[in-house]
Amino acid sequence: MLFFGTQDWAAEVLRQMAEDRFFEITHVITQPDQPTGRKQLLTPSPVKQIALAAGLSVLQPTDLKDPSFLRQIKESDAELAIIIAYGRILPEELISITPRGFINVHPSLLPKWRGPSPIQAAIAAGDEKTGISIMLIDTKMDHGPLLAQMEFPLSEDATFINTMKFVEQTAPSFLIKTVKEFVENKLAPQTQNHAEATYCKLLKREDGRIDWNRSAIEIERMVRAYEPWPSAWTTATHEDRTMRFKLLEVKAHPDRDSLPPGTLLRSDDTLFVGTGAGLLQVLSIQPEGKKTLSAQDFLCGYETLLGKRFDG
RNA sequence: CGCGGGAUAGAGCAGUCUGGCAGCUCGCAAGGCUCAUAACCUUGAGGUCGUGGGUUCAAAUCCCACUCCCGCAA
């Protein structure tokens, strides 16, 4: 069996699979070490660290079509491959190497939210539930037949962070159970209903910019969905400088009369911002280069911003 | 050597450019006002200005080194 993965939760899955005698992992494939952090230190991926600790063979190809890499994979005679948060699109000749295909985990209720940011998309859209799908890979993104699916509710205070945490805790055992059933031929792959497919895109920094003309409810969802990346942020002019502010915790008051969009208002120790529909209460906010501040702390030091507006 | 912001009272910040009494808002304490209050008035306590060195009659402020926090980028 081959294991493709890079990010944290893939590492957790790998850790559990490496401990399970059912699986014989021949190669772990992960992204090359990347410079990361403020110091740009060359850092191995979480998956690589787990793999090395478990004594597994690690490959880090920069080119997935590299002939010597493909030959090495073929020679392993792996029956099946698992791919989780690897971070690359796999070429067709690679997918066809393993006789039983590639199994992928996708944190949405496919065919909803195909693409690289399904959890964020579900929260930002206000979905009441989402899920985890396990599927076989085909040539199109998140398009292959489903092996199993589980769903869970998204509450009013669901954030990307707490939802991802839940997925990290839930997905490994679900995946392991599903893979075993698949290997033992107890599962029949089900074709997705392609007509109902929806898509999400790779989020960029600019996607986190708040449009204050949108409703308070929509902005609150965005704040919950986009932390820690790309964060929901806005800008304002403070002491002749344009500063960026990240909104970390907010609460929408859709029924309250609004102010002009983006206007800051103080009410006792509470901070409100006007939106296109309703008021948005800000509970914690982080000025650029500063630590996260509660609304009360923010009001102490940034009082001069009151009555002014965040930029659209 | 990737780029940048920051460290000053319990909290958040100004003051640094141009060296000269340690400030603002909030909080805290006491008193007052009030039917009453989180409101309002008066007073008060609370500081190793991140650390170490240097320049100077004099350093939060200028120079050098260091530690820690954070934003960007990846």
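You'll find the structure just up there.
Trainee: Is there a simple way to explain the packing of aromatic side chains in this structure?
Mentor: Ring pairs (aromatic) are described by centroid distance and by the angle formed between their planes. A complete count under the given rule lists nine aromatic pairs for this structure. Measuring from centroid to centroid gives 6.0 Å for F245 and F298, while their planes differ by 85°, and the two rings are edge-to-face. On the criterion of sequence distance, the pair formed by F245 in strand β11 (residues 241–253) and F298 in helix α8 (residues 295–301) is long-range, its members being 53 residues apart. Relative accessible area serves as the criterion here: at 0%, F245 is assigned to the buried category. A network of ring pairs unites the aromatic residues W212, F245, F298, Y302 and F310 as a single cluster. In this structure, R100 is placed above the aromatic ring of F182, and the distance from its NZ or CZ to the ring centre is 4.5 Å. One cation-aromatic arrangement involves R244 over W233; the distance from NZ or CZ to the ring centre is 4.2 Å.

Trainee: So what exactly am I meant to see when it comes to the protein's contact with RNA strand B here?
Mentor: Taken together, the neighbourhood of RNA strand B is formed by 20 residues, with R38, Q40, R205, K291 and D297 sitting nearest. Per the 4 Å cut-off to the protein, sugar and phosphate atoms form 57% of the nearby atoms of RNA strand B. Residue P35 places a main-chain N or O atom 3.4 Å away from a sugar or linking oxygen belonging to RNA strand B. Taking K290, its main chain carries an N or O atom lying 3.1 Å from a sugar or linking oxygen of RNA strand B. Those elements that place two or more of their residues in the surface near RNA strand B are β3 (34–36) and α8. At three residues, α8 tops the list of elements feeding residues into the surface near RNA strand B. Tallied by class, residues from the surface near RNA strand B come to five nonpolar, six polar and nine charged.

Criteria and thresholds
Residues numbered from 1 in each chain as written. Chains lettered and ligands numbered in written order. Predicted model: local features only at pLDDT ≥ 70, side-chain atom pairs only at ≥ 80, totals over all residues. Heavy atoms only, no water. Phe/Tyr/Trp six-rings, centres within 6.5 Å; stacked < 30°, edge-to-face > 60°. Helix = DSSP H or I, 4+ residues; strand = E, 2+ residues; numbered from the N terminus. Buried < 20%, exposed > 50% of the residue type's maximum accessible area, 1.4 Å probe, protein only. Lys NZ or Arg CZ within 6 Å of the ring centre and 35° of its normal. Near = heavy atom within 4 Å. Polar contact = N/O pair within 3.5 Å; in protein donor to acceptor, adjacent residues only side chain to side chain. Nonpolar A, V, L, I, M, F, W, Y, C, P; charged D, E, K, R; others polar.

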